[in-house]
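Spelled out, the chains give:
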Amino acid sequence: MDQTLSGFGTVFVFLVLGIVFVAGGYLTARMLRPSRPNPEKNSTYECGEPAVGSAWVKFNIRFYVVALIFIIFDVEVVFLYPWATVFKPLGPFALVEVLIFAGILALGLIYAWVKGDLDWVRPTPNIPKMPEMPNRRIGKANG
Amino acid sequence: MFEMPSGAEIQSIISILKGGAGFFVPEIYLSALFMVLIILDLVTGRKNARFLAAVTIAGLVGSLYYIFKQQAMPDTEFFFGMYALDRFGIFFKYFFVASGILAVLLTVIDDQLKKHESGMGEYYALLVAMVVGMMMMASSTDLLMMFLAMELVSLSAYAMTGYLKRDPRSSEAALKYLVYGAVSSGMLLYGFSLLYGMTAQTNLTRIAMVLAAHGYDPLVMIMAVLLIMAGLGYKMGAVPFHFWSPDVYEGAPTPVTAYLSVGSKAAGFAMLMRFFFVAVPHGMDMYVSPLHIDWLMILMLVSAASMIYGNVVAIWQKNVKRLLAYSSIAHAGYLLLGIITMDQLGTQSVLVYLASYLLMNYGAFYVVILIANRTGSENLDDYRGLGKKMPLAGAALTVFLISLVGLPPTFGFIGKLMIFSALLSKGSLFMWLALIGILTSVISLYYYMLIPLNMYLRESERPEEGVVETGMGAKLVTATLMILTLYFGLFFQPIANYAKYSSVLFGAFLN
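Conventions used here
- Numbering of residues starts from 1 in every chain and runs along the sequence as written.
- Note on labels: chains are lettered from A, ligands numbered from 1, in written order.
- Where local features are concerned, this predicted model is filtered to residues with pLDDT of at least 70; where side-chain atom pairs are given and counted, the filter is 80 or more; whole-chain, interface and lining totals use all residues.
- For helices the rule is a DSSP run of H or I covering at least 4 residues; for strands it is a run of E covering at least 2, with both sets numbered from the N terminus onward.
- The quantity called the radius of gyration is restricted to C-alpha atoms. Its globule counterpart is 2.2 Å times the number of residues to the power 0.38.
- Buried means a residue has 20 or more other C-beta atoms within 10 Å of its own C-beta, exposed means 12 or fewer, and partly exposed covers the counts in between; C-beta atoms are placed from the backbone.
- Any pair of residues counts as being in contact when their C-beta atoms, constructed from backbone geometry, are within 7 Å of one another.
- Angles here are taken between N-to-C directions and fall from 0 to 180 degrees, while the axes themselves are lines fitted to C-alpha atoms, restricted in helices to the stretch in contact.
- Small angles under 35 degrees read as roughly parallel and large ones over 145 as roughly antiparallel, with 65 to 115 read as roughly perpendicular and the rest as oblique.
- Basically, the charged four are Asp, Glu, Lys and Arg, the nonpolar ten are Ala, Val, Leu, Ile, Met, Phe, Trp, Tyr, Cys and Pro, and anything else, Gly included, counts as polar.
- Definition of nonpolar core: a set of buried Ala, Val, Leu, Ile, Met, Phe, Trp, Tyr and Cys residues joined via C-beta atoms within 7 Å.
- Think of pLDDT as the predictor's per-residue confidence, scored from 0 to 100.
- UniProt positions are given in the numbering used here, feature names are shortened, and annotations may be inferred rather than shown by experiment.
- Take the residue count of a helix, subtract one, and multiply by 1.5 Å to get its expected span.

1. Some words on the overall build of chain A
Now for step 1: Scanning chain A from terminus to terminus reveals 6 helices and 0 strands.
Now for step 2: Listing each helix as α and each strand as β along chain A from the N terminus yields α-α-α-α-α-α.

Shown next as structure tokens:
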């Protein structure tokens, strides 16, 4: 029980230190920095370009598909890395297991590929009711 | 902080995992089926719905063999106490495979899904994934595994609900389901984390041990139990966690509605029973449990509210799918009655009730699909005069509805009888709940019988149409379900015995 409590204590100390660090940073900055706002500075930061339109634009659904596929392989790496560090004592059984694991994920990628979810420019729009989004907007959402 | 485990340690972990895999065969088999379905979908092209349905049914039937083989194995916990193989779990494995097979049978006849433009590959794969998830929900003995299993079921269910992409109602249902589901998953997880914070254990049995040995903070405990109850209540569709269900049941494709209302509800009940019976200690004395936590009272209130709300609101429904949604809320209330007794008889009665619910609810939805294929709607008014045009379907629907009310000589009657007798065997303690149950059953008689009333006693607006033929297969399935509902209403002993055999596990904890 003692060990657990000290474990939670560590988390608590981290929490407090984190809050103090961030709050301290803001506080110091507020005391030191000059305050000279202008419209340019007050506008939303969009990678240095002037902000265009509202932030409530419709995002193209394809961004989510790509993000999902990215996450799948991101997670795969998270699992593969610790596996690689202890690979030697694990032996051939673990190799087969990881191949199955990677194979399942590869199947997911192949699936998305064959179903055409990776084609950025579709031959025909899949959802006819949705108005075609101007390219400029897509670029914005991306940036 | 982290020390690299030595080679010998790793080898021993691997051998434990290998040993556990032997008890995990049905789940592995079905996961493989899931991937086979995806590959087949990729290989065979667009017009493969019938082929994939056949593969799915064959695969699900095949899994029955592996579950059957498990019956000979001794009860055991494996994967470091995360997962259990026991009779209770095996009962639910049969149950979920059966509900998966029936869901495929419903899908095959559904016209809406037949016309689906991007194929049914994902649908059948998700259906199988959900069977695996539900099996895991019933067998998990660890908080983390429980959560994982529940998410597997939920995610598949969201996608299946929204499968009719072009239908705004289906998309709306999926979005609502997703949003409610995310919130309730969060609550469940919060409850789990509180429980873990108190005990530093995730295994259910060990949680019970630590709670009994070291005590607990009553406020935190009640908080944790309430949050977990909210998460599970969402899956079971019990009041006050039911808000998603009418909209989702109405908007989802009808086979999915049937699948959710039977499969995922039963999975919620399986998990609730395992969690409350094993992890939260209690004694024979109902009011003074060793921990002085009156979670029983919470369950009683949820049950009473579900029975009253579900049955009363169903009276005003004009859409049959919505009506069945409210009736399924009410059935969650009846099922909770069996859990409240907290003894083997009560557990047995819940299992029997679920078995009857499987037959009668799938049966009712099957006929609803047949009728919707013809009339293009699920409105009560469009059922006028259908009894003469679709004689078999009309008769079958009447039988299923009588069974849902709980009148003899149907299976539903046996289920309800067992639940109420289990409740009353506890003496006068639960008399008021039994009274509510019986009174609300009378209310349900009214709204269920509205459907046969429309079918038989009211004239159709288009009387010139003659008898409508449904396919041979559809007739066969309808008749089989109807006959089974009646058959088990008379000869229920085998199922009751098997349910008793399956509920033995909790006898040790409860008595």
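2. A look at the overall build of chain B
Now for step 1: Along its length, chain B carries 22 helices and 2 strands.
Now for step 2: For a compact globule of 511 residues, the expected C-alpha radius of gyration is about 24 Å, and chain B comes in at 23 Å, within 12% of that figure.
Now for step 3: Dimensions of chain B, computed from C-alpha atoms along their principal axes, come out at roughly 80 × 60 × 40 Å.
Now for step 4: Out of the 511 residues in chain B, the part that is buried amounts to 53%.
Now for step 5: For chain B, contacts bridging at least 24 residues in sequence account for 80% of all contacts bridging at least 6.

3. Side note on the packing of helix H7 (residues 143-161) of chain B against helix H8 (residues 168-199) of chain B
Residues and elements named next belong to chain B.
Now for step 1: Taken N-terminus to C-terminus, the directions of H7 and H8 make an angle of 175°; their axes are 9 Å apart at the nearest point. Taken together, the axis directions place H7 and H8 in an arrangement best described as roughly antiparallel. On H8, the residues touching Leu-143, Phe-147, Glu-151, Ser-154, Ala-157, Tyr-158 and Thr-161 of H7 are Ser-170, Ala-173, Ala-174, Tyr-177, Leu-178, Gly-181, Ser-185, Leu-188, Leu-189, Phe-192, Leu-195 and Tyr-196.
Now for step 2: Split into classes, the residues belonging to the contact of H7 with H8 amount to 13 nonpolar, 5 polar and 1 charged.

4. Quick look at the nonpolar core
Note that soluble globular proteins tend to have their nonpolar side chains buried in a common cluster.
Now for step 1: Core analysis: the largest hydrophobic core is formed by 177 residues, its most contacted members being Val-128 and Met-137 of chain B.
Now for step 2: Among the elements that take part in this core, helix H15 (residues 344-375) of chain B stands out by supplying 21 residues, more than any other.

5. Structural notes on the confidence of the model for chain A
Low-pLDDT portions of the prediction should not be read for the details of their coordinates.
All names here are of chain A.
Now for step 1: On average, residues of chain A score 78 in pLDDT, and 81% of them are at 70 or above.
Now for step 2: Averaged pLDDT values for the elements of chain A fall to 44 in helix H6 (residues 135-142) and rise to 87 in helix H5 (residues 92-114).
Now for step 3: Segment residues 132-143 is flagged for pLDDT under 50; beyond a separation of four residues in sequence, or across chains, it makes 13 contacts in the model.

6. Focus on the confidence of the model for chain B
Residues and elements named next belong to chain B.
Now for step 1: Looking at chain B, pLDDT values average 87 and 93% of them are 70 or higher.
Now for step 2: Under a pLDDT of 50 for its full length, residues 283-290 has, in the predicted model, 7 contacts with residues more than four places off or in other chains.
Now for step 3: The ipTM value of the predicted complex is 0.75, and its pTM value is 0.87.

7. Details of the interface of chain B and chain A
Now for step 1: Across the contact, 8 residues belong to chain B and 9 residues belong to chain A.
Now for step 2: Of all the secondary structure elements, the ones that give two or more residues to the side of chain B that touches chain A are helix H1 (7-21) and helix H2 (25-44) of chain B.
Now for step 3: Along the lines of polarity and charge, the residues of the side of chain B that touches chain A split into 7 nonpolar, 1 polar and no charged.

8. Points about the environment of Gly-338 of chain B
All names here are of chain B.
Now for step 1: Inspection of the secondary structure assignment puts Gly-338 in helix H14 (residues 320-340).
Now for step 2: C-alpha of Gly-338 to C-alpha of Leu-423: the two residues are 85 residues apart in sequence and 6.8 Å apart in space.
Now for step 3: Residues contacting Gly-338, with those up to four places away along its chain left out, are Gly-346, Thr-347, Ser-349, Val-350, Tyr-353, Ile-419 and Ala-422.

9. Notes on the packing of helix H10 (residues 218-236) of chain B against helix H12 (residues 254-279) of chain B
All names here are of chain B.
Now for step 1: Look at H10 against H12: their axes get within 7 Å of each other, and the N-to-C directions meet at 150°. By the angle class used here, H10 and H12 are roughly antiparallel. The segment H10 lies against H12, with Ile-228, Leu-232, Lys-235 and Met-236 engaging Ser-264, Lys-265, Ala-267, Gly-268, Phe-269, Met-271, Leu-272 and Phe-275.
Now for step 2: Here the contact of H10 with H12 is built from residues that sort into 8 nonpolar, 2 polar and 2 charged.

10. Some remarks on the UniProt feature "transmembrane region" (unreviewed entry) in chain A
All names here are of chain A.
Now for step 1: Mapped onto this numbering, the UniProt entry gives "transmembrane region" (unreviewed entry) at residues 6-27, 63-84 and 90-114.
Now for step 2: Overall, residues 63-84 shows 100% helix and 0% strand. The separation of its end C-alpha atoms is 31 Å.
Now for step 3: The span residues 90-114 shows a helical share of 96% and a strand share of 0%, and its end C-alpha atoms are spaced 35 Å apart.

11. Structural notes on H14 of chain B
Residue and element names in this part refer to chain B.
Now for step 1: Given a rise of 1.5 Å per residue, 21 residues ought to cover 30 Å, and the 30 Å separating the end C-alpha atoms of H14 matches this to within 8%.
Now for step 2: Within H14, 21 of the 21 residues are buried, leaving the element largely enclosed by the surrounding structure.
Now for step 3: Positive phi shows up at Met-342, right after H14, with a value of about 55°.

12. Structural notes on unusual backbone geometry
All names here are of chain B.
Now for step 1: Backbone torsion omega between Val-239 and Pro-240 reads 5°, so that peptide bond is classified as cis.
Now for step 2: In this fold, Pro-240 is placed in the loop between H10 and helix H11 (244-251).
Now for step 3: The omega angle of the peptide bond from Pro-408 to Pro-409 is 5°, so this bond is cis rather than trans.
Now for step 4: Despite not being glycine, Phe-79 has its phi angle at roughly 50°, a positive value.
Now for step 5: Position of Phe-79 relative to the elements: it lies in the loop between strand S1 (76-78) and strand S2 (83-85).
Now for step 6: Among the residues examined, Phe-79 registers 18 C-beta atoms within 10 Å and is labelled partly exposed.

13. Considering the environment of Val-320 of chain B
Now for step 1: Along the chain, the position of Val-320 of chain B falls in helix H14.
Now for step 2: Beyond its immediate sequence surroundings of up to four residues, Val-320 of chain B is in contact with Val-368, Glu-378, Leu-380 and Ile-451 of chain B.

14. Focus on the environment of Arg-384 of chain B
Residues and elements named next belong to chain B.
Now for step 1: Along the chain, Arg-384 turns up in the loop between H15 and helix H16 (386-389).
Now for step 2: Considering only alpha carbons, one finds Arg-384 and Leu-453, 69 residues apart in sequence, at a separation of 8.2 Å.
Now for step 3: Every residue in contact with Arg-384, bar those within four places of it in the chain, is listed here: Asn-454, Arg-458, Glu-459, Ser-460 and Glu-461.

15. Structural notes on H15 of chain B
Residues and elements named next belong to chain B.
Now for step 1: Taking 1.5 Å per residue, 32 residues should reach 46 Å; H15 reaches 46 Å between its end C-alpha atoms and fits that length.
Now for step 2: For H15, a buried count of 28 out of 32 residues is recorded, marking the element as mostly surrounded by other parts of the structure.
Now for step 3: Residue Gly-376 follows H15 closely and has a positive phi angle near 75°.

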